[in-house]
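The lines below spell out each chain.
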Amino acid sequence: MSERRVRILVAKPGLDGHDRGAKIVARVLRDAGFEVIYTGLHQTPEMIVESALQEDVDIIGISILSGAHMTVFPEVIRLLNAKGVDHIKLFGGGIIPPDDVNKLKKLGVMEVFLPGTNTDHIVEFVNKKIKKK
Amino acid sequence: MKDKGKKVWEEKCFKPQLEKSGGERRNRFSTISDLEIPALSDPSDLGSWDFEEKLNYPGQYPFTRGVYPSMYRGRLWTMRQFSGFGTPKDTNKRYHYLLSQGTTGLSVAFHLPTIYGRDSDHPLSRGEVGVCGVAVDTLKDMETIFSGIPLDKVTTSMTINGPASVLLAMYIAVAQKQGVSKKQIGGTIQNDILKEYIAQKSWIFPPEPSMRLIVDTFEYCANEVPRWNPISISGYHIREAGSTAVQELAFTLRDGMEYVKAGIERGLPVDKFAPRLSFFFNAHNDFFEELAKYRAARRIWAKAMKERFGAKNPESMRLRFHTQTAGCSLTAQQPYNNVARVTIQALAAVMGGTQSLHTNSLDETYALPTEESATIALRTQQIIAEESGVANTIDPLGGSYFVEWLTDKMEAEAWKYIETIDKMGGMIEAIKAGFPQREIADAAYRYQKQVDKEDKIIVGVNKYVMAQSNAIKLLRIDPEVEKEQVKNLNKVKKARDNSAVKKYLSRLSNAASGEANLVPLILEAVKAYASVGEICDTLRQVFGEYKEVVGF
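Reading the values: the criteria
- Residues numbered from 1 in each chain as written.
- Chains lettered and ligands numbered in written order.
- Predicted model: local features only at pLDDT ≥ 70, side-chain atom pairs only at ≥ 80, totals over all residues.
- Helix = DSSP H or I, 4+ residues; strand = E, 2+ residues; numbered from the N terminus.
- Rg over C-alpha atoms; globule rule 2.2 N^0.38 Å.
- Buried ≥ 20, exposed ≤ 12 C-beta atoms within 10 Å, placed from the backbone.
- Contact = placed C-beta atoms within 7 Å.
- Pairing = 2+ DSSP bridges.
- Nonpolar A, V, L, I, M, F, W, Y, C, P; charged D, E, K, R; others polar.
- pLDDT = per-residue confidence, 0-100.
- Axes fitted to C-alpha atoms, helices over the stretch in contact; angles between N-to-C directions.
- Core = buried A, V, L, I, M, F, W, Y, C linked by C-beta atoms within 7 Å.
- Parallel < 35°, antiparallel > 145°, perpendicular 65-115°, else oblique.
- Left-handed = near helix turned anticlockwise from the far one by under 90°.
- Arc of directions from axis to C-beta.
- Right-handed = clockwise from strand over helix to strand, strands pointing away.

K.L.:
Can you explain the overall build of chain B? Please cite residues and give values.
P.N.:
Across its full length, chain B carries 22 helices and nine strands. Relative to a compact globule of 552 residues, whose C-alpha radius of gyration would be 24 Å, chain B shows 24 Å and is just as compact. In terms of overall dimensions, chain B has a C-alpha envelope of 85 × 60 × 50 Å along the principal axes. Expressed as a percentage of its 552 residues, the buried residues of chain B come to 51%.

K.L.:
Now, about the overall build of chain A: what can you tell me, with residues and values included?
P.N.:
When helices and strands are tallied, chain A shows five helices and five strands. Against the compact-globule benchmark of 14 Å for 133 residues, chain A has a radius of gyration of 14 Å, which places it among compact chains. Dimensions of chain A, computed from the C-alpha atoms along their principal axes, are close to 45 × 35 × 25 Å. Looking at the 133 residues of chain A, the share that counts as buried comes to 50%. Considering only residue pairs separated by 6 or more positions, chain A has 73% of its internal contacts joining residues 24 or more positions apart.

K.L.:
Can you lay out the sheet that holds strand β1 (residues 78–83) of chain B for me, pointing to particular residues and giving the numbers?
P.N.:
Residue and element names in this part refer to chain B. Across the sheet, which stays open at both edges, the nine strands sit in the order β5-β4-β3-β2-β1-β9-β8-β7-β6 with parallel pairing between neighbours. Every interior strand has two partners, whereas the edge strands, β5 (228–229) and β6 (231–234), have only one. When strand β2 (residues 105–109) meets strand β3 (residues 156–159), the two strands line up parallel, connected through four bridges. Across the sheet, the residue bridging to A109 is T159, located in β3.

K.L.:
Outline the interface of chain A and chain B, supporting the account with residue identities and numerical values.
P.N.:
Facing 26 residues of chain A, the contacting portion of chain B comprises 31 residues. Among the residues forming the side of chain A that touches chain B, the class breakdown is 11 nonpolar, nine polar and six charged.

K.L.:
For the environment of B:A297, give the residues involved together with the corresponding values.
P.N.:
Following the sequence through the fold, B:A297 ends up in helix α13 (residues 287–307). Once residues lying within four places of it in the same chain are set aside, the contact partners of B:A297 are B:L249, B:L253, B:F281 and B:L319.

K.L.:
Talk me through the confidence of the model for chain B; I want residue IDs and the actual numbers.
P.N.:
Per-residue confidence for chain B gives a mean pLDDT of 97; residues scoring 70 or more make up 99%. Two numbers describe this predicted complex: its pTM, 0.96, and its ipTM, 0.92.

K.L.:
Go over the sheet that holds strand β3 (residues 59–64) of chain A, please, and point to the residues and values.
P.N.:
All names here are of chain A. As summarised here, the arrangement of the five strands in space is β2-β1-β3-β4-β5, forming an open sheet in which the pairing is parallel. Each of the sheet's edge strands pairs with one partner strand only, and the pair in question is β2 (35–38) and β5 (111–113). Along the sheet, successive strands turn relative to each other by an average axial angle of 20°, direction set aside. Where β3 and strand β4 (residues 89–94) come together, six bridges link them in parallel fashion.

K.L.:
Describe the nonpolar core, naming the residues involved and giving the relevant values.
P.N.:
Grouped burial of nonpolar side chains is what soluble globular proteins tend to show. Counting 183 residues, the largest nonpolar core has A:I8, B:Y171, B:L253, B:A414, B:I522 and B:A525 as the members making the most contacts within it. With residues up to four places along the chain from it excluded, the contact list for A:I8 reads A:L29, A:F34, A:E35, A:V36, A:V57, A:D58, A:I59, A:G61 and A:V126.

K.L.:
How would you explain helix α21 (residues 519–527) of chain B if you had to name every residue and give the values?
P.N.:
Taken residue by residue, α21(B) has B:V519, B:L521, B:I522, B:L523, B:A525 and B:V526 as its buried positions. Turning to α21(B), the residues buried within the fold contact α6 (139–145), α7 (164–177), α9 (207–224), α20 (498–512) and α22 (532–543) of chain B.

K.L.:
Which residues make up the packing of helix α11 (residues 245–266) of chain B against helix α16 (residues 401–423) of chain B, and what values do they have?
P.N.:
All names here are of chain B. At a minimum axis separation of 8 Å, α11 and α16 run at an interaxial angle of 50°. Overall, the two elements α11 and α16 adopt an arrangement that is oblique. The crossing of α11 and α16 is right-handed. On α16, the residues that touch V246, Q247, L249, A250, L253 and R254 of α11 are M410, E413, A414, Y417, I418 and I421. Split into classes, the residues belonging to the contact of α11 with α16 amount to nine nonpolar, one polar and two charged.

K.L.:
Please give an account of helix α5 (residues 119–129) of chain A that cites residues and values.
P.N.:
Residues A:T119, A:I122 and A:V126 constitute the buried set of α5(A). Looking down the long axis of α5(A), one finds its buried residues gathered within 50° of arc, a one-sided arrangement. What points out from α5(A), more than 90 degrees from its buried face, is the exposed set A:H121, A:E124, A:N127 and A:K128. Buried residues along α5(A) sit against β1 (7–11), α1 (20–31) and β5 of chain A together with α18 (435–452) of chain B.

K.L.:
Hey, could you go over the pairing of strand β8 (residues 320–325) of chain B for me, with residue numbers and the actual values?
P.N.:
Residue and element names in this part refer to chain B. By the criterion of burial, β8 is predominantly enclosed, with six of the six residues buried. Where burial is concerned, the two faces of β8 agree: the one with R320, H322 and Q324 and the one with F321, T323 and T325 are both buried. Relative to β8, strand β7 (residues 277–283) is paired through six bridges, and the arrangement is parallel. Counterpart to N282 in the pairing with β8 is Q324. The parallel pair β7 and β8 is bridged by α13, and the resulting crossover is right-handed.

K.L.:
Can you lay out the packing of helix α14 (residues 337–351) of chain B against helix α15 (residues 371–387) of chain B for me, pointing to particular residues and giving the numbers?
P.N.:
Residue and element names in this part refer to chain B. Here α14 crosses α15 at 45°, and the two axes come no closer than 10 Å. By the angle class used here, α14 and α15 are oblique. Where α14 crosses over α15, the two elements pack in a sense that is right-handed. Residue-level contacts link V339, V342, T343, A346, L347 and V350 of α14 to I376, A377, T380, Q381 and I384 of α15. Of the residues assigned to the contact of α14 with α15, the class counts are eight nonpolar, three polar and no charged.

K.L.:
Please set out the environment of A:A22 residue by residue, giving values where relevant.
P.N.:
Topologically, A:A22 is positioned in helix α1. Along the sequence, A:A22 and A:Y38 sit 16 residues apart, while their C-alpha atoms lie 8.2 Å from each other.

K.L.:
With reference to specific residues and values, describe the environment of B:G130.
P.N.:
All names here are of chain B. Structurally, the position occupied by G130 is in the loop between α5 (112–115) and α6. A count of 29 C-beta atoms within 10 Å places G130 in the buried class. Distance from G130 to L112, taken between C-alpha atoms, is 8.1 Å for residues 18 residues apart in sequence. Non-local contacts of G130, meaning those with residues more than four positions away in its chain, are made with F85, G86, T87, H111, A135, I477, V481, E482 and Q485.

K.L.:
Please provide a residue-by-residue account of the pairing of β3(A), values included.
P.N.:
Residue and element names in this part refer to chain A. Burial analysis of β3 places six of its six residues in the buried class, which makes it a mostly covered element. Of the two faces of β3, the one lined by I59, G61 and S63 and the one lined by I60, I62 and I64 are each fully buried. In terms of handedness, the path from β3 via helix α3 (residues 69–82) over to β4 forms a crossover that is right-handed.

K.L.:
How would you sum up unusual backbone geometry? Please name residues and give values.
P.N.:
The step from B:Y61 to B:P62 runs through a cis peptide bond, and the omega angle for that step is 0°. Relative to the assigned elements, B:P62 resides in the loop between α2 (51–54) and α3 (71–74). Within the chain, A:D56 stands out as a residue other than glycine whose phi angle is a positive 55°. Checked against the element boundaries, A:D56 lands in the loop between α2 (45–54) and β3. Since 14 C-beta atoms lie within 10 Å of it, A:D56 is described here as partly exposed. Look at B:N191: it is not a glycine, yet its phi comes out positive at around 50°. Within the fold, B:N191 resides in the loop between β4 (187–189) and α8 (193–200). The buried category is assigned to B:N191, around which 27 C-beta atoms lie within 10 Å.

If you want it as structure tokens, here you go:
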């Protein structure tokens, strides 16, 4: 029986147009053997959750550098719960103060990768923490 | 003979010493952009190098040594700190503070809704109001931002692209209310849409109408606002997106050439608008690569303006530029180290002859700068200016064998890219084909892999790592800002003559479908307190919206 690969959605919410990190993370994860879908820019939380459902992903990675993370993450979490798909995990990265990282983790974001993260750690995180369906 | 000299040294001194001491530190030495560099440069590396052809004197073609004859002997570079956050009132306060501390020019950072031509009450603006720049919805906000700031004495740069013509119109209107005419004001709008498609991604409209709007500003400013730079052709963002220094240089200059072509096609004589085209480069970590980049940029531009576009006025051939130290080089780990990075980067910009400079703050990997960190960033420039001595003589590194070798190398590599893009049919075609975007994404990925493997070192990140980082105080934007801004916007909308706004927007819409210069009509709408969102939506309906081809 062939194993289904872990499916990851990499998303860029809001008006933030900085996609260098998101694209590198998407590429690194694809090179590591995961199925990666990249949403492109200017996604609303609704669009992200819709894509996650349509693509049947295991985890969503959100990249946000604009400072709007405390609005975006909670909204995505709320929508995932409302759709009854709270099994879909969340991780993120970008420009996020350490205090907010703690707040986000308390809300249920599994991990936040700040600037300077070695991309091997992100691959390791997905390998260890995300179970295939 | 020269060749024999260096080879003799290598065989008789260099290699033997290395054999005794355990070899070179690395197998390969390269710049941060991975350009291989030699152990030593000497005259033999310069080939048939001619002083007058390669350098000449400051203020003289090809301007390699600097665009003005007296450079910093006459006047220091403008210390122009990019700034803006929260409400217009918050930003006005910070501007007064910066001016009181020695900033010599202003630079406006707008929040993302304004950048995308939307108002603070738009559904997509939720959570974004005032958090990465100042909220500007109408002229009233600009009046507040510049309250108490004499626009006949202070010049302002505005980092705005899609809606650049709108913000320029607002600035003109604010000045007029102060009794300062369009002929007196000085400043810059970034207004460089090509690099938006390539790197910064804050576009609104598709390429053709965007270029039309840009050339409208060239024409309008050439005739009406003579001290204004209607464009800041940028490499900063291209570099931040992960490009190499050569790519930054080549794509920026090729963008510039595309704009010159567009102006000429409009029927503007090149010498009428070219003198006011300005540029904006990154100052990254690799000191000599950056220095060579700036010098090569001046030389390439001078040649292109003279030979490609037939410019006759030397002012058309002169590449004037602003520099910002590299945001992407700052680390979240051990943030005080960033002060050292910014110092080296700023030094490269100064020794490279920049006309104005922004130095980043140490906390910008976490948030917008606090007053304290913004002060340190400004003091960094002032220390370079007053204490280091580097501004006391012009182009001091000119004539260094290594610097001249590297300048020539950067120029040659950049021309390769420029010619490739020429063959693709120009920069707009290259963008449609995804060429510069792919080059940048590949370079960004390669660099990340090098950092992951510790092939390229970032202190505090992959070497000299500490478990605990210094805890620093961060700037927080009050969530009340969004409420206040929306409230003020509604107040303005209630108080203004709404039928006049409707009339002006309708005029603008009709003109947008034709060929008239849109700037005077935008100015009319802005003075009636039409909002950024209303004006841009009017144009969106005529021009459409740009959609990126998604890929990674």
